[in-house]
Amino acid sequence: MNNGEKEWIEIVDSKGNYTGQIMEKEEAHDRNLLHNEVAVFVINDKRQVLLQKRSANKKFNPNKWALCAGHVDANESLESAALRELKEELGLDISKENLIPFAEREFTIQDSNSHVTYFYYVKSNQKSNEFIIQKEELSEVEWFDFDDVIDKIKKQDTSTVFHENRLYLFDILKGLSE
């Protein structure tokens, strides 16, 4: 979050290619134009994933458990965006070498907030109270067992942002942590 400053993002086409068009984030959302986002799974050695509860003031999915995620700013690399989001939202300073891309990018085409998501994961064994959370973006963080998150998704628990189409991501990470 840029403390009230406008955020500029690049518009992509239906294949994920840059169009050359740069637009203010809110206008891109209002016009439902496709843009890039990153999502970072923070995992630990206890086979858990860190979820963050989105702030009540968020436009999309307020008060729901989600991943560390955000928009890719104009002229910013995917990796730089992921590292920036980790630092801004969680106070987590990770080197590029420890940021691991996985899974295929995901196209989300819907009535609003259409986007392309690129997935990464990092390892951290910090306790949940050791993260420095960005209060404008989230209200708390908590470690969840992979199986508990998978169970919530399967039961269509509305306390998270996840749907069944994301189960495979948790399965991949669960397999990596075994």
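So, here is what we can say about the structure in this document. All residue numbers refer to position in the chain's written sequence, counted from 1. Local features in this predicted model are restricted to residues of pLDDT 70 or higher, and side-chain atom pairs are both shown and tallied only at a pLDDT of 80 or more, whereas totals for entire chains, interfaces and linings draw on every residue. Heavy atoms from the whole structure form the basis of all side-chain values; hydrogens and water molecules are not counted.

What follows covers the overall build of the protein chain. Going along the chain from the N terminus, every DSSP run of H or I of four or more residues is numbered as a helix, and every run of E of two or more is numbered as a strand. Within the protein chain one finds 4 helices and 10 strands. Ordered by position from N to C terminus, the α and β elements of the protein chain give β-β-α-β-β-β-β-α-β-β-β-β-α-α. Radius of gyration (C-alpha) of the protein chain: 16 Å, near the 16 Å computed for a compact globule of 178 residues. Projected onto the principal axes, the alpha-carbon positions of the protein chain cover approximately 45 × 35 × 30 Å. Residue burial in the protein chain is summarised as follows: out of 178 residues, 49% are buried. For a compact globule the rule gives 2.2 Å times the number of residues to the power 0.38, and the radius of gyration it is set against comes from C-alpha atoms. Burial here depends on accessible area, computed with a 1.4 Å probe over protein chains only, as a share of the maximum for the residue type. Under 20% is buried, over 50% is exposed, and the range in between is partly exposed.

Attention shifts here to the pattern of salt bridges. Salt bridges are defined by distance alone: a side-chain nitrogen of Lys or Arg within 4 Å of a carboxyl oxygen of Asp or Glu. Scanning the model with the defined rule gives 15 salt bridges in all. Of the charged contacts in the structure, one is a salt bridge between Glu88 and Arg84, with a shortest N-O distance of 3.4 Å. Of the two residues, Glu88 and Arg84 are both situated in helix α2 (residues 78-90); the distance of 4 residues between them amounts to about one turn of the helix. The shortest N-O distance in the salt bridge between Lys87 and Asp93 comes to 3.8 Å. The exposure class assigned to Lys87 is partly exposed, which follows from its relative accessible area of 42%. With a relative accessible area of 63%, Asp93 lands in the exposed category.

For the rest of this paragraph, the subject is the pairing of strand β3 (residues 35-43). Strand residues, when the strand is regular, have side chains that alternate between the two faces of the sheet. Most of β3 is tucked away, with 9 of its 9 residues classed as buried. Both faces of β3 are covered, namely the face carrying His35, Glu37, Ala39, Phe41 and Ile43 and the face carrying Asn36, Val38, Val40 and Val42. Here, a strand pair is defined by DSSP locating no fewer than two bridges between the strands. Bridge analysis of β3 against strand β9 (residues 115-123) gives 9 bridges, and the strand direction is parallel. Its bridge partner lying in β9, His35 is registered against His115. The sheet contact formed by β3 and strand β6 (residues 68-71) spans 4 bridges and is antiparallel. Counterpart to Val40 in the pairing with β6 is Cys68.

Interpretation in functional terms is not warranted from these geometric data alone.
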